[in-house]
Every structure is written in C-alpha cells, then in structure tokens.
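# Observations on the model geometry
Chain by chain, the residues:
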Amino acid sequence: MTTWSSRTLRHLSIIVLLILASFCQAAGVTARTGLAQANKAAAAWKADAKLTNVSTTVLKTDGTALVWTYSYLSPGSKSCARLIMINGGEPRLQDLGKCNPAKPISDKFVDSPEMLKAAVDAGFKPGEDSNAYLEVKHDQLAQDKSCWVVFTSKDFANGYMRGWCVDPKTGKFVVRLSGKMAVKKQ
C-alpha cells in the first residue's frame, strides 16, 4: 500500500483546486453553440420534437454561459424533454414525460451576445446573477410574442419579474416586461 506524505497530498490538493478553478473560470459558449447538437438529440428522443425554450441561469457579461438548457415538446405524445449542455459538451437528456404544452419557438434566433448587447443598450445592467431565456411570453406587454428575456435578481419588483425583452429574429430591444400575465379575451 502506498503512503502519501502530507507534502504530496498538499500538492495534489493544490492541483485539484487549480483544475476546478480553471473549469469555473472557463470561457462559456453562446446559446447557438450547442443548438444543432441539442436539435439532433431531441429528434432522436422524438421525431416530432419542437424547441420551446433556451435558457441559462449563469449568463456572463459577454453573453456566454457554461450551461445552456434546451427544452422540447413532442406534440404527438404531449411529452417534454430537456437537454442540458455544459460548455458545449454532449447534451444530457431529461425526459420529463407528459407536460403542459408550451408554444414552439424558431431555432433561427440571434445569439446570446447580440441579445445581451441590445438589452444593455436599452438600460439592462448585467450582474453575477444574470439569467436569460428564449420562449413565447404571456406578459401583458408581450402577449404571445417570442422574446429573449434577460434579467437579474434586481429586476424583481413587487414580487414579480420585469425582464428585458429582445426580439429573437432581429436582435432589437422590444420592451421592459410588466411581469404580469396577459388576460386572455373570451
């Protein structure tokens, strides 16, 4: 049996910490980086898979993230799946089973750095807690509109989130969301 000296263990601990620190400081990837892989994995899950959401909870100030999540709906089976990609690696599939159908979004969207720039130009102030997602919104100010939404915890006011909506087709800022659900007309 090999006995490790305290000096060797200390050196190994430092090496492990350096490796972990480099992973945590690693450059992120954009939302579109893993999209083709995610679409392929979703099609393998269900042939009729439709993209419904792209998101991250760790958006960096350059519009990249280490983790992106791509959500899909299978209209035929009324089931959902989530594909999680870490730093552009292989997608990890989570079959969520039956779900409330979300509206599909186009996979032809402006990338996350362009979205973030438009929001910043409109007054958004990114922070360490920046989040972003792309989906069809049901907000009073963006009813049934696809939006790239970016927000930080500071964008929560009166108990609801008021994110910044950027048009995913044009990359132009649209509106600061109200945080209130749109009332459907009968």
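Whatever comes next refers back to the structure up there.
Small disclaimer: the values here were computed from a predicted structure and weren't measured. Sequence order sets the numbering: in each chain, residues are counted from 1 along the sequence as written. Two thresholds apply to this predicted model, a pLDDT of at least 70 for residue-level local features and 80 or more for giving and counting side-chain atom pairs, whereas whole-chain, interface and lining totals are computed over all residues. As a rule here, side-chain values come from all non-hydrogen atoms in the structure, and water together with hydrogens is ignored.

### Re the state of the cysteines
Cysteine sulfurs are considered disulfide-paired once they come within 2.5 Å of each other. By the definition in use, this model includes two disulfides. Each sulfur in the disulfide pair C80 and C99 lies 1.9 Å from the other. Across the S-S bond of C80 and C99 the torsion is about 65°, and the bridge reads as right-handed. Of this pair, C80 sits in strand β3 (residues 79-86) while C99 is found in the loop between β4 (92-98) and α3 (112-121), placing the two residues 19 residues apart along the sequence. Think of it in three bands: with a 1.4 Å probe and only protein chains considered, a residue is buried below 20% of the maximum accessible area for its type, exposed above 50%, and partly exposed in between. In this structure C80 comes out as buried when scored by relative accessible area, which is 12%. Each helix is a run of H or I in the DSSP string that is no shorter than four residues. Each strand is a run of E no shorter than two, and both are numbered from the N terminus.

### Some thoughts on the pairing of β4
Each regular strand shows side chains that alternate between the opposite faces of the sheet. In this scheme, strands are said to pair when DSSP sees at least two bridges between them. Note that β3 and β4 share six bridges and pair antiparallel. Its bridge partner being in β4, C80 is matched across the sheet by G97. Counted between consecutive antiparallel strands, the loop separating β3 from β4 contains five residues, among which N87 sits at a positive phi close to 50°.

### Examining the nonpolar core
Here, nonpolar core means buried Ala, Val, Leu, Ile, Met, Phe, Trp, Tyr and Cys residues that are tied together by side-chain atoms lying within 4.5 Å of each other. V54, W68, Y70, Y72, W148 and V150 are the most contacted members of the largest nonpolar core, which totals 31 residues. Those elements giving two or more residues to this core turn out to be α2 (35-45), β1 (50-56), β2 (67-74), β3, α3, β5 (131-137), β6 (145-151) and β9 (164-166). Counting residues in each nonpolar core, the second largest holds nine residues, with A142, V149, M161 and L177 among its members.

### A few points about the packing of aromatic side chains
Between rings of Phe, Tyr and Trp, where Trp is taken as its six-membered ring, a pair exists when centres lie within 6.5 Å; planes separated by under 30 degrees are stacked, by over 60 edge-to-face, and by other angles tilted. Using the criterion set out here, one finds six aromatic pairs in the structure. Considering the side-chain rings of F124 and W164, the 6.1 Å spacing of their centres and the 70° angle between planes classify their relative orientation as edge-to-face. Taken as a pair, F124 in the loop between α3 and β5 and W164 in strand β9 lie far apart in primary sequence, 40 residues in all. Assigned by exposure class, F124 and W164 land together as buried. Relative to F151, the ring of Y133 lies with its centre 6.1 Å away and its plane at 70°, an arrangement referred to as edge-to-face. Placement of Y133 in strand β5 and of F151 in strand β6 is noted, with a sequence separation of 18 residues between them. You'll find Y133 and F151 in the same group, each marked buried. Following the ring pairs from residue to residue traces out a cluster consisting of W68, F109 and W148. Above the plane of the ring of F109 lies R32, whose end atom (NZ or CZ) is 4.9 Å from the centre. Both a distance and an angle decide whether a charge sits over a ring: NZ of Lys or CZ of Arg must be within 6 Å of the ring centre and within 35 degrees of the ring normal. The ring centre of W45 lies 5.8 Å from the NZ or CZ of K46, which sits over that ring.

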